[in-house]
Amino acid sequence: MLMLLICGRRRGGDHSAPTLKLHSEKGLSEDLQLGSNVLSDAGLSALGDCFPRLEKLSLIWCSTVSSLGLVSLAYKCSFLISLDLQGCYVGDQGLAAVGKCCKRLEELNLRFCEGLTDTGLVELAQGCGKSLKSLGVAACAKITDLSLEAVSSYCKSLENLSLDSESIHNGGVLSVAQGCPSLKVLRLQCINVTDEALIAVGTHCLSLELLALNSFQRFTDKGLRAIGDGCKRLKNLTLSDCYFLSDKGLEAIATGCRELSHLDVNGCHNIGTIGLEAIGRSCPHLTELALQYCQRIGNHALLEIGKGCKFLQALHLVDCSSIGDDAICSIARGCRNLKKLHIRRCYEIGNKGIMAIGENCKSLVDLSLRFCDRVGDEALIAIGQGCSLQHLNVSGCHLIGDAGIIAIARGCPELSYIDVSVLQNLGDMAMAELGEGCPLLKEIVLSHCRQITDVGLTHLVKNCRMLESCHVVYCPGITAAGVATVVSSCPNIKKVLVEKWKVSERTKRRAGTVISYLCVDL
């Protein structure tokens, strides 16, 4: 199987040169740098001549490709299985040609294809709908319910649908729910879709495994109750900025979807402790839980998760002001398979909870405690003694100093990433210990660490020969000599983020391609 990935430059985004990647069935790969014009219609036609048996093609933000090139490619590459047109200005004629010629097409991404209308997508569905299994549409203002009605009529094998559009209403989602019984994945960000559509999904899409509802302001617990009643195979649920959902809706999911393994609740301000308690009591297969900006969810929610979800492997908490040490202790005692713990700005969580994690969760490899200002050295000492971390982020935890990081250095020899930015009490001793104890370190973020100097940085890079990325902005103790030491001592270095005035002319000549500047006028 041959796959091509062609990445152009997103409008207003990254200005680096685009890359062409060719992957052969033998697993070989080749990267070629294209010119600033990315890929023209003539180039796309030439690719069709060279690779007539092409099966996977990604044209991401290749804005100079039009329907003319896509038509030519479609006629030459009839074996296409996967086509990603994200950000391309291809029109209806090109999409219709794909439908006519590519009868094996299974995956199609039309995100940000602003030139498309219902005409093109309807013709594609008519042409290759029998094989199509995955469809993504976003920011295509002229694609409406009419297209989804065609999808429901011709794409009976559709399994994955992603919609982000203000032009889609209940009628389109209703049609797909009724006409595509094999649907397993549904992602919706459609402000004009209401409970009526979700009720249809719960009634007809009995094989649904993943549901993501984003920025929904027009549906209530009634719609979520229909999902709980009908979608018994649901394993992955994301609820983001769904303001009218409450604990009752989540209770319906807990009662009906007992195979649930992933739950992400983000900014749903009416969901509180009771809903999460129901998940803990009824969903024993939960392996990943994310609670973000959930002010009404308290300790008792995670007490139930700790009791009932023994297989939990990942927990993410962001701005959950009512969750504290008791909740984390319950997770530590009950979820001993925990591998990832990410906490950000949860100010009631301190040493007690994190120490319990270190004592009980021996499989933990990824710990992030960003701006948790009650967590100090005692917590990291327990982590270093009990866990072998690979990733650690303690940025903004101002109570952490040398003792905590030294414990990590001595107890976590497989550490590959560490972020200790904004730690004002961290000094050179910790850097020396990291250099001695963590030879696999690839990325380190030291920004805003006022006590670290060139001496500590030299000790660090002396033994961390695999280091690829180092951020040292706003570190007054690190000078041009320290920056030069990094680029000369680390043969694998790819990025050094630093103030411009700290880079000598010699360093620029030697390693200019790896230097990045955050502030150029300091």
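Keep in mind that this is a model prediction, so the values were computed, not measured.

**What to know about the overall build of the protein**
Helices and strands together make up the secondary structure of the protein, namely 19 helices and 22 strands. Here the C-alpha atoms of the protein give a radius of gyration of 26 Å, agreeing with the 24 Å that 2.2 N^0.38 yields for 522 residues. Across its three principal directions, the C-alpha atoms of the protein cover 65 × 60 × 40 Å. Accessible area of the protein: about 21,300 Å², with a carbon and sulfur share of 50%. Looking at charge distribution, the protein has the averaged site of its 53 positive side-chain charges lying 3 Å from that of its 53 negative ones.

**Looking at the packing of aromatic side chains**
Scanning the model with the defined rule gives one aromatic pair in all. Looking at Arg-53, its charged tip hangs above the ring of Phe-79, at a distance of 4.3 Å from the centre.

**Considering the environment of Val-137**
Here Val-137 lies in strand β7 (residues 134-138). Residues Val-137 and Ile-81, spaced 56 residues apart in sequence, show a C-alpha to C-alpha distance of 18 Å.

**Overview of the packing of helix α10 (residues 273-282) against helix α11 (residues 299-308)**
Relative to each other, α10 and α11 sit at 5 degrees, their axes nearing to 7 Å. Between α10 and α11, the interaxial angle falls into the category roughly parallel. Contacts from Thr-273, Leu-276, Glu-277, Ile-279, Gly-280 and Arg-281 of α10 reach α11 at His-300, Ala-301, Glu-304, Ile-305 and Gly-308. Of the residues assigned to the contact of α10 with α11, the class counts are four nonpolar, four polar and three charged.

**A short note on unusual backbone geometry**
For Tyr-293, which is not glycine, the phi torsion reads 55 degrees and is therefore positive. Along the chain, Tyr-293 falls in the loop between β13 (288-292) and α11. Taking relative accessible area as the criterion, Tyr-293 reaches 29% and is therefore assigned partly exposed. Phi at Arg-345 is positive, roughly 55 degrees, even though this residue is not glycine. Topologically, Arg-345 is positioned in the loop between β15 (340-344) and α13 (351-360). Relative accessible area serves as the criterion here: at 26%, Arg-345 is assigned to the partly exposed category.

**Here's the deal with the pattern of salt bridges**
Applying the stated criterion across every chain yields a total of six salt bridges. Across the salt bridge formed by Lys-76 and Asp-49, the nearest N and O atoms sit 2.9 Å from each other. Taken together, the residues Lys-76 in helix α2 (residues 67-76) and Asp-49 in helix α1 (residues 41-50) connect sequence positions 27 residues apart. The exposure class of Lys-76 is partly exposed, given its relative accessible area of 28%. The class for Asp-49 is exposed, based on a relative accessible area of 52%. Taking the shortest distance from any N to any O, the salt bridge between Arg-410 and Glu-433 comes out at 2.9 Å. One end of the pair, Arg-410, is in helix α15 (residues 402-411); the other, Glu-433, is in helix α16 (residues 428-437), with 23 residues separating them in the sequence.

**Observations concerning the state of the cysteines**
One pass over the full model with this rule turns up zero disulfides. Considering cysteine sulfurs only, Cys-180 is the nearest to Cys-155, which forms no disulfide, with 6.5 Å between them. You can see Cys-190 has no disulfide; the closest cysteine sulfur is in Cys-140, sitting 12 Å from it.

**So, helix α7 (residues 195-204)**
Among the residues making up α7, those that are buried are Asp-195, Ala-197, Leu-198, Ala-200, Val-201 and Gly-202. In this fold, the buried residues of α7 make contact with α6 (170-179), β9 (185-189), β10 (210-214) and α8 (221-230).

**Details of the pairing of β9**
If a strand is regular, its side chains alternate between the two faces of the sheet. In this structure, strand β8 (residues 160-164) lies alongside β9, joined through five bridges in parallel fashion. Bridge pairing in β9 places Asn-160 opposite Val-185. Taken together, β8, α6 and β9 constitute a β-α-β crossover, and its handedness is right-handed. Both β9 and β10 contribute to a ladder of four bridges, which runs parallel.

**Some points on the nonpolar core**
Of all hydrophobic cores here, the largest spans 169 residues; its most connected members are Leu-85 and Leu-291. When residues no more than four places from it in sequence are discounted, the contact partners of Leu-291 are Val-265, Leu-276, Ile-297, Leu-302, His-316, Leu-317, Val-318, Cys-320 and Ile-323.

**Notes on the packing of α2 against helix α3 (residues 92-101)**
Running from amino to carboxyl end, α2 crosses α3 at an angle of 5 degrees, the nearest separation of the two axes being 7 Å. Classed by the angle they form, the pair α2 and α3 counts as roughly parallel. Contacts between α2 and α3 involve Ser-67, Leu-70, Val-71, Ala-74 and Tyr-75 from the first element and Asp-92, Gln-93, Gly-94, Leu-95, Ala-97, Val-98, Lys-100 and Cys-101 from the second.

**Observations regarding the environment of Thr-507**
Examined against the element boundaries, Thr-507 turns out to sit in helix α19 (residues 505-511). Thr-507 sits in the buried class, given a relative accessible area of 4%. Expressed as a C-alpha distance, the spacing of Thr-507 and Ala-484, which sit 23 residues apart in the sequence, is 5.9 Å.

**Looking at the side chain of Ser-469**
Of note, Ser-469 is situated in strand β20 (residues 469-471). Residue classification places Ser-469 among the buried positions, given a relative accessible area of 11%.

**A closer look at the confidence of the model for the protein**
The share of residues in the protein with pLDDT of 70 or more is 92%, and the mean pLDDT across the chain is 92. Confidence over residues 11-36 falls short of pLDDT 50; this stretch has 50 contacts with residues more than four positions distant or in other chains.

**Quick notes on the side chain of Asp-325**
Along the polypeptide, Asp-325 turns up in helix α12 (residues 325-334). Among buried charged residues, Asp-325 stands out as having no salt bridge; its nearest opposite-charge side chain is Arg-374, 4.1 Å away.

**Points about the environment of Asn-192**
For Asn-192, the location among the structural elements is in the loop between β9 and α7. Sequence separation between Asn-192 and Leu-260 is 68 residues; the distance between their C-alpha atoms is 27 Å. Apart from the residues lying within four places of it in its own chain, the contact partners of Asn-192 are Glu-166, Ile-168, His-169, Asn-170 and Arg-218. In this structure the side chain of Asn-192 is engaged in a polar contact, spanning 2.7 Å, whose partner is the backbone oxygen of Glu-166.

The rules behind the values
Numbering of residues starts from 1 in every chain and runs along the sequence as written. Two thresholds apply to this predicted model, a pLDDT of at least 70 for residue-level local features and 80 or more for giving and counting side-chain atom pairs, whereas whole-chain, interface and lining totals are computed over all residues. With hydrogens and water stripped out, all remaining heavy atoms of the structure feed into the side-chain values. Numbering of helices and strands runs from the N terminus, with a helix taken as a DSSP run of H or I at least four residues long and a strand as a DSSP run of E at least two residues long. Both definitions apply: the radius of gyration is a C-alpha atom measure, and the globule rule equals 2.2 Å times residues to the power 0.38. Note that accessible areas follow from Shrake-Rupley with a 1.4 Å probe, and for residues the cover is restricted to the protein chains shown. Charged residues are defined here as Lys and Arg on the positive side and Asp and Glu on the negative side; His and the ends of the chain fall outside this count. To locate a charge, take atom NZ for lysine, CZ for arginine, CG for aspartate or CD for glutamate. When the centres of two rings from Phe, Tyr and Trp lie within 6.5 Å, Trp using its six-membered ring, the rings pair. Their planes under 30 degrees apart give stacked, over 60 give edge-to-face, and anything left gives tilted. Our definition puts a charge over a ring when NZ of Lys or CZ of Arg is within 6 Å of the ring centre and also within 35 degrees of the ring normal. Axis definition: a line fitted to C-alpha atoms, over the contacting stretch in the case of helices. Angles run 0 to 180 degrees between N-to-C directions. Angles are sorted into four bins: roughly parallel if under 35 degrees, roughly antiparallel if over 145, roughly perpendicular if 65 to 115, and oblique for all others. Contact between two residues is taken to exist if any of their heavy atoms lie within 4.5 Å; hydrogens are not considered. Under the scheme applied here, ten amino acids are nonpolar (Ala, Val, Leu, Ile, Met, Phe, Trp, Tyr, Cys and Pro), four are charged (Asp, Glu, Lys and Arg), and all others, including Gly, are polar. A 1.4 Å probe rolled over the protein chains alone gives each residue an accessible area, and that area as a share of the maximum for its type sets the label: buried under 20%, exposed over 50%, partly exposed in between. One side-chain nitrogen of Lys or Arg within 4 Å of one carboxyl oxygen of Asp or Glu is enough to make a salt bridge. Note on terminology: disulfide denotes any pair of cysteine sulfur atoms within 2.5 Å. If DSSP finds at least two bridges between two strands, the strands pair. Crossover handedness is defined by viewing with both strands directed away from the observer: a clockwise path from the first strand over the helix to the second marks the crossover as right-handed. Nonpolar cores are built from buried Ala, Val, Leu, Ile, Met, Phe, Trp, Tyr and Cys residues. Side-chain atoms within 4.5 Å join them into one set. pLDDT measures how confident the predictor is about each residue, on a scale from 0 to 100. Pairs of N or O atoms are called polar contacts if they sit within 3.5 Å, as long as, within protein, a hydrogen donor faces a hydrogen acceptor (for residues adjacent in sequence, only side-chain-to-side-chain pairs).

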